[in-house]
Each structure stands twice: as C-alpha cells, then as structure tokens.
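What follows is each chain in one-letter form.
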Amino acid sequence: MIGRERMTVASQRLIAERTYELTLSGRLVQEMRQPGQFVHVKVAASADPLLRRPLSLCHIDHKQGQCTIIYRQEGKGTALLAQKQPGDTVDVLGPLGNGFPLEAAPAGSRALLVGGGIGVPPLYELAKQLTKRGVKVVSVLGFQTKAAVFYEEEFAAFGETHVATDDGSHGTAGRVTDVIEARSLEFDVLYACGPKSMLRALAERFPNRPVYVSLEERMGCGVGACFACVCHVPGSETAYKKVCSDGPVFRAGEVVL
Amino acid sequence: MNRLAVELPGLSLKNPIMPASGCFGFGREYARFYDLSVLGAMMIKATTKEPRFGNPTPRVAETPGGMLNAIGLQNPGLDKVLEEELPWLEQFDVPIIANIAGSTVEEYVEVAEAISKAPNVHALELNISCPNVKKGGITFGTVPDVAAELTRLVKEVSAVPVYVKLSPNVTDIVAMAKAIEQAGADGLTMINTLVGMRIDVKTGRPVLANGTGGLSGPAVKPIAIRMIYEVSQAVSIPIIGMGGVQTAEDVLEFFYAGASAVAVGTANFVDPFVCPTIINDLPALLDDLGIGHISECIGRSWKTSAHAVHCRA
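This one's a predicted model, so the numbers in the text were calculated from it and none came from an experiment. (Residues numbered from 1 in each chain as written. Chains lettered and ligands numbered in written order. Predicted model: local features only at pLDDT ≥ 70, side-chain atom pairs only at ≥ 80, totals over all residues. Heavy atoms only, no water.)

**Some details on the nonpolar core**
Residues and elements named next belong to chain B.
Phase 1 of the analysis: Grouped together as the largest cluster of nonpolar side chains are 143 residues, with contacts concentrated most on Leu124, Leu188 and Ile240.
Phase 2 of the analysis: Sorting elements by how many residues they give to this core places helix H8 (residues 274–289) first, with seven residues.
Phase 3 of the analysis: For leucine 124, the contacting residues outside a window of four places in its chain are Ile97, Ala98, Ile100, Ala112, Ile115, Ser116, Val154, Ser158, Val160, Pro161, Val162 and Tyr163. (Core = buried A, V, L, I, M, F, W, Y, C linked by side-chain atoms within 4.5 Å. Buried < 20%, exposed > 50% of the residue type's maximum accessible area, 1.4 Å probe, protein only. Helix = DSSP H or I, 4+ residues; strand = E, 2+ residues; numbered from the N terminus. Contact = heavy atoms within 4.5 Å.)

Written as structure tokens, this is what we have:
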C-alpha cells in the first residue's frame, strides 16, 4: 500500500562529493518491498520548492523500521534535504513504482548489476535481496571521478565488484561497458540503473538477453496522474508507459531508450 | 443542511471542490488514496478524438511557487475514454465534467456530441486554452469571435451544459468572457495556465523540451483571483475558479472573488489527499468566519466593498 507519512531523519552523512546517505524511520518502511521502488519526498513545507522529489530506495530494513536513500545535491530541493538533521521530519509518499523483478534471477543463477553515478543506490537493496535468494551477484559501478565513488566496499560484501571512472582516477578508466568487455563478465540476467546513454549501450550490447533497466525522468505527481514522465513504446507513436507507475524498471526493449 | 452544497448548471454538487482537468488523470491513481465519491465533481483529463502522445520529455519544470508543464494533451482518445474510463468511474457517486479538446472545430464538435451522452458526464469543459499544443487549444481561446463560434457549435450538439475554460494569456479576459457568454455558454472555468519558460543556466537551453509551458500552482493564484473578480462582475453565468488552490482559505478567496465552485490542480501532485483535506477543513473555516452557507460568499468582495470599484482600474 502506498502511504504518506512524516518520517523521521535517523541519520544523514556525506559519503562522496555532493552525495548524501539519508536514513529515515517510520512505519511506512513496512510497506517497502521491492528494490528499485522509490519514494516521493517533500523537502519543505513551503511552496518553494513546490513539487516532491523522487528518490530511489537504497536499503530497506524492516527490523529497524528504517530505509536509506542516497541522493546527489543538484538543486534547491536536494540542498534543503541535505540540511536535515537527525530528529527532523520529512513528508514521504511511497513506496512508489515497480522495482527490479527478483524472480528473473533464479537461485544459483548469476546476476550482473550495473550502476552509473546516482543510479547505483537502488542496486544495493537489489544485491542484498538477490544474495539472500541464492543468486550470485557481480557488480559494476561507474562514476565520473574518484571523489564521486561511494558504496564500493558495501557492494564488495555481496561479491565481485568493479569500479570504472570516466577520468581513470579510480578503478578502470572508461565506462561500465568497457569493464564488462575487458573482464568478459558473464551473466544470466542483467539489472541496470543510471544515465539513459548507459542503459541504451547495455540494451544494444545484449539485445537478446534478459536486461532490466531503471529509468529516471522528471516527474510531477509520481503516481501516474500527470503524464509528465512518459516514454514511448517501440513501434507505436501513441502507445506509452509511465516511468513512475509502469516503471521505473522496464525490461530492455519494452520502452524506447 | 449541507452548508457546502452548490447548484450549477447541470451540476448538483455536495461540495464545491473538484480536481482540475489534467491534474487527476481519469481518477484511477487517486482512487488508491481515497473514495472519489467524497469529491464535489471531477474534471477529467482533456479528451481528443484520436489518442495523443503529447510533447517530448522533459515536460515539467519547477519554478518558485509553481510548476511549468508541457504535457501536450496526452490522452487515450475518445473511444477509450467512452469504453474504459467513464464506465470505470460509474462506481463513484461523483458527477463528471468532461474536458474536451481538438485540432479543428469539427473535432471539438464530434467529441462533444459523443462524450456528452455518457451517463455520468454532467457537463462539458471546453478546452480552448491549453498553451502546449500547436493545433487547437489556445488558438481557439485568444480571439473572442473564434471562441464564441466554437462555443455556439458545441452548445448545439451537447447533451449537457457547456463550461468554457478561459485562458489568462489574453489582453482582455472580460471581452473574451462576454463573447462566450453571449454565444450560449452555461458557465466559465478559469483560469488555465499562463505561458511561461525556464532556461537552464548550465546549458543555456530551455528546460522543457517544448520550450514553453503552462505555469500553475500557488504562483498564479493572485492572477486567477483578479481575473475571476473582473469577469464575475461582467457576466451572469457561474464561474468555476482554479489556479493555485491549496487550502480551504484559498477556496473561500476564490468564492469572495466571484467563483461558485473551485477546482484543485497542481496541489494534487504535491499532496494526493489535498481535495478531501480541503473538503474536511471547510466547515470549521465557515464557523470561524461566521458563514452559514458557502454560497453566501460568492462575489462578496465586490458585492459588499465600496473599495471594489477602485480595484478594477
């Protein structure tokens, strides 16, 4: 069930350049299930900024009643969010959207998780849940530069983890696809979240394989009513999917990237 | 006595609160949050004859106190709305105001005739003011003669009362309102969004793929209030007001300006529960202000204030 709650900030810390890890407490956590789902957060009670911010769930902890979100400070909304201190509350709507299909990777299979920049966080909960189901997880994380890298060790705890940076300041120099190629990484199913260009490159490289991609789009309502975040469906000019409510995770080929 | 009940052409409303067209889809999403029967009415998303995908993304951008959108009247088309959306909405005790749009006069007329016959459609809202489509929309809503002729033709075929949604993007909204009233409109809805734009400081390019978009939200409320204040004194048909409504206080402000009901738009995106919250809050607000029935408030600002005349300059 989607709910709305003023959740309490349990902790907040800077984990990379302009990148924050925010942990929230509240009963809404019990509704959070799928990795890849997101919450829609109102960062201020005022009308500026007016709209909520879609932020993906990075870690769900039912026992503690806490969830973690990782976001990059880009504009006014995220700057205000970065100022929140433990004990402060934020207005959260969620969980929203459909996450990564876990059943696509049966126990004993091999899943390749590919994240780009601020697309990395939802893959953490995915890695956790896949590992729990007996799936072997290999992660490839791409960042622009060393200062932007986060959660490398956290992913390594679940299995083989590679990092690529655009400028070569950490890990392999180049793109996530370069790492996959250079290391000849094999997989039964691939899950990815990151810039559209990265998702497109992955979909094109593995056209006949099970590839699931999580899309990002500017949203109004987050629940499917405003039609702001639509994307095209191949072969039709009028058919569409809404990123917020049909996605944000789609099987590659289901929507035009 | 139901202190919130209002009577409008074609619409016996248990309360004067309704989601605005384009901000509530066809109700399916918000029906997951609450029983839509609590609403006074529902203005469903603009329907065109053929399905429309709308404009490329990004289609929304934020601005202080408001948002810009350039959705471009995306909708599943007349047939799907008649076959799927309207029958689904019959489970709720809520009158529907069907917003209709078109690229040509013929298309408006065809959609109006068909959709006005649906059993739960109690009124039409003629969309001649969408700023985000190249054909139709606002092109019909900025020239009084054109708007009046379209209103007359739609009135001829419609089985239910016709409300015309006015654009604020005109020089003289009173002239437009009068022309539409004379053409036989049963009511007005106002205002639609204001054409606006944002430019990305990093790239130097417009934020919206469409370039411009329609500004809505609290930022436009004073403009809506002023326009309703002017138009309501110049016409004798009722006005459904909208533009930045977020609270019960906002609703009363629209009534004081001259509205007889109020639609809530952008605020639904910020708070999915905003409509039922406003409906719940209204009686206590009326108590605080010593108001017996909400309809007593219609046009109070210009009916009772000597100051009113000066404000109109």
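**Brief notes about the interface of chain B and chain A**
Phase 1 of the analysis: Between chain B and chain A, the residue contacts involve 33 residues of the former and 31 residues of the latter.
Phase 2 of the analysis: When chain B packs against chain A, the two sides together hide about 2700 Å² of surface, and 65% of this comes from carbon and sulfur.
Phase 3 of the analysis: Contact with chain A buries surface across chain B, with B:Phe53, B:Glu62 and B:Val270 losing the most and accounting together for 24% of the total.
Phase 4 of the analysis: The interface formed by chain B and chain A holds three salt bridges in total.
Phase 5 of the analysis: Residue A:Arg4 is joined to B:Asp271 by a salt bridge in which the shortest nitrogen-to-oxygen separation is 3.2 Å.
Phase 6 of the analysis: Counting the contacts that link chain B with chain A gives ten residue pairs in polar contact (both at pLDDT 80 or more).
Phase 7 of the analysis: Those elements that place two or more of their residues in the side of chain B that touches chain A are strand E5 (60–63), strand E6 (66–69) and helix H7 (267–270) of chain B.
Phase 8 of the analysis: Considering each element in turn, the side of chain B that touches chain A owes the most residues, three residues, to E5(B).
Phase 9 of the analysis: Of the residues belonging to the side of chain B that touches chain A, the class tally is 17 nonpolar, nine polar and seven charged. (Buried area = accessible area lost by both parts, 1.4 Å probe. Salt bridge = Lys/Arg side-chain N within 4 Å of Asp/Glu carboxyl O. Polar contact = N/O pair within 3.5 Å; in protein donor to acceptor, adjacent residues only side chain to side chain. Nonpolar A, V, L, I, M, F, W, Y, C, P; charged D, E, K, R; others polar.)

**Examining the pattern of salt bridges**
Phase 1 of the analysis: Across all of its chains, the model carries 23 salt bridges over all chains by this definition.
Phase 2 of the analysis: A salt bridge links A:Lys76 to A:Asp48; the nearest nitrogen and oxygen atoms lie 2.6 Å apart. Here A:Lys76 is found in helix H1 (residues 76–82), whereas its partner A:Asp48 is found in the loop between strand E3 (38–42) and strand E4 (53–61), with 28 residues between them in sequence.
Phase 3 of the analysis: Since its relative accessible area comes to 26%, A:Asp48 is described here as partly exposed.
Phase 4 of the analysis: Here A:Arg53 makes a salt bridge to B:Glu62, at a shortest N to O gap of 2.7 Å.

**Focus: the UniProt feature "binding site: FMN" (unreviewed entry) in chain B**
Phase 1 of the analysis: On the UniProt side, "binding site: FMN" (unreviewed entry) is annotated at positions that read B:Ser21, B:Lys45, B:Ala46, B:Asn99, B:Asn127, B:Lys165, B:Ile191, B:Gly217, B:Gly243, B:Gly244, B:Gly265 and B:Thr266 here.
Phase 2 of the analysis: By secondary structure assignment, the location of B:Asn127 is in strand E8 (residues 121–127).
Phase 3 of the analysis: Given the relative accessible area of 5%, B:Asn127 is considered buried.
Phase 4 of the analysis: Of the polar contacts made by the side chain of B:Asn127, one reaches the side chain of B:Asn99; its length is 3.3 Å.
Phase 5 of the analysis: Its place among the elements puts B:Gly217 in the loop between strand E12 (212–216) and helix H5 (221–234).
Phase 6 of the analysis: Every residue in contact with B:Gly217, bar those within four places of it in the chain, is listed here: A:Leu50, B:Gly65, B:Gly66, B:Gly243, B:Gly244 and B:Thr266. (UniProt positions renumbered as here; feature names shortened; annotations may be inferred.)

**Regarding the pairing of strand E7 (residues 96–100) of chain B**
Residue and element names in this part refer to chain B.
Phase 1 of the analysis: Within E7, five of the five residues are buried, which leaves the element mostly enclosed by the surrounding structure.
Phase 2 of the analysis: Of the two faces of E7, the one lined by Ile96, Ala98 and Ile100 and the one lined by Ile97 and Asn99 are each fully buried.
Phase 3 of the analysis: Two strands pair when backbone bridges link them, and strand E4 (residues 42–47) and E7 are joined in this way by four bridges, in the parallel orientation. Residue pairing in the sheet places isoleucine 44 in a bridge with alanine 98 of E7. (Pairing = 2+ DSSP bridges.)

**Observations regarding the packing of H5(B) against helix H6 (residues 248–257) of chain B**
Residue and element names in this part refer to chain B.
Phase 1 of the analysis: Axis separation between H5 and H6 bottoms out at 8 Å; the angle between their running directions is 30°. By the criterion of interaxial angle, the relationship of H5 to H6 is roughly parallel. Contact residues: Lys221, Ala224, Ile225, Ile228, Tyr229 and Ser232 in H5; Asp250, Glu253, Phe254 and Ala257 in H6.
Phase 2 of the analysis: For the contact of H5 with H6, the residue count by class is six nonpolar, one polar and three charged. (Axes fitted to C-alpha atoms, helices over the stretch in contact; angles between N-to-C directions. Parallel < 35°, antiparallel > 145°, perpendicular 65-115°, else oblique.)

**Quick notes on the packing of aromatic side chains**
Phase 1 of the analysis: In this structure the tally under the stated criterion is 15 aromatic pairs over all chains.
Phase 2 of the analysis: Site record: aromatic cluster; members linked through ring pairs are A:Tyr124, A:Phe143, A:Phe150, A:Tyr151, A:Phe155 and A:Phe158.
Phase 3 of the analysis: Sitting over the ring of A:Phe227, A:Lys242 keeps its end group 4.3 Å from the ring centre.
Phase 4 of the analysis: Against the face of B:Phe53 rests B:Arg59, its NZ or CZ located 5.2 Å from the ring centre. (Phe/Tyr/Trp six-rings, centres within 6.5 Å; stacked < 30°, edge-to-face > 60°. Lys NZ or Arg CZ within 6 Å of the ring centre and 35° of its normal.)

**With respect to unusual backbone geometry**
Phase 1 of the analysis: Note the cis peptide between A:Asp48 and A:Pro49, where omega equals 5°.
Phase 2 of the analysis: Checked against the element boundaries, A:Pro49 lands in the loop between E3 and E4.
Phase 3 of the analysis: In this structure, B:Ile191 follows B:Met190 across a cis peptide bond, with omega equal to 15°.
Phase 4 of the analysis: Its place among the elements puts B:Ile191 in the loop between strand E10 (187–190) and strand E11 (194–197).
Phase 5 of the analysis: The backbone of A:Phe227 shows a phi angle near 65°, a positive value even though the residue is not glycine.
Phase 6 of the analysis: Looking at where A:Phe227 falls in the secondary structure, it is placed in the loop between strand E12 (211–214) and strand E13 (230–232).
Phase 7 of the analysis: Unlike most non-glycine residues, B:Leu73 shows phi in positive territory, near 55°.
Phase 8 of the analysis: Tracing the backbone through its elements, the reader meets B:Leu73 in the loop between E6 and helix H1 (78–89).
Phase 9 of the analysis: We classify B:Leu73 as buried; its relative accessible area is 8%.

**Observations regarding the sheet that holds E11(B)**
Residue and element names in this part refer to chain B.
Phase 1 of the analysis: Spatial ordering of the open sheet is given by E5-E6-E12-E11, a layout of four strands whose pairing is antiparallel. At either end of the open sheet lies a strand with only one pairing partner, and these are E5 and E11. The average angle at which neighbouring strand axes cross in this sheet is 40°, direction not considered.

**Looking at the environment of A:Met219**
Phase 1 of the analysis: For A:Met219, the position within the fold is in the loop between E12 and E13.
Phase 2 of the analysis: In this structure A:Met219 comes out as buried when scored by relative accessible area, which is 9%.
Phase 3 of the analysis: With 87 residues separating them in the primary sequence, A:Met219 and A:Lys132 have C-alpha atoms 32 Å apart.
Phase 4 of the analysis: For A:Met219, the contacting residues outside a window of four places in its chain are A:Phe38, A:His40, A:Leu51, A:Pro54, A:Ala228, A:Cys229, A:Val243, A:Cys244 and B:Val60.

**As for the UniProt feature "binding site: substrate" (unreviewed entry) in chain B**
Residue and element names in this part refer to chain B.
Phase 1 of the analysis: The UniProt entry lists Lys45, Asn69, Ala70, Ile71, Gly72, Leu73, Asn127, Asn192 and Thr193 under the feature "binding site: substrate" (unreviewed entry), expressed in the numbering used here.
Phase 2 of the analysis: Given a relative accessible area of 16%, asparagine 69 falls into the buried group.
Phase 3 of the analysis: For asparagine 69, the side chain forms a polar contact with the main-chain nitrogen of isoleucine 71, separated by 3.2 Å.
Phase 4 of the analysis: Note on placement: alanine 70 falls in the loop between E6 and H1.

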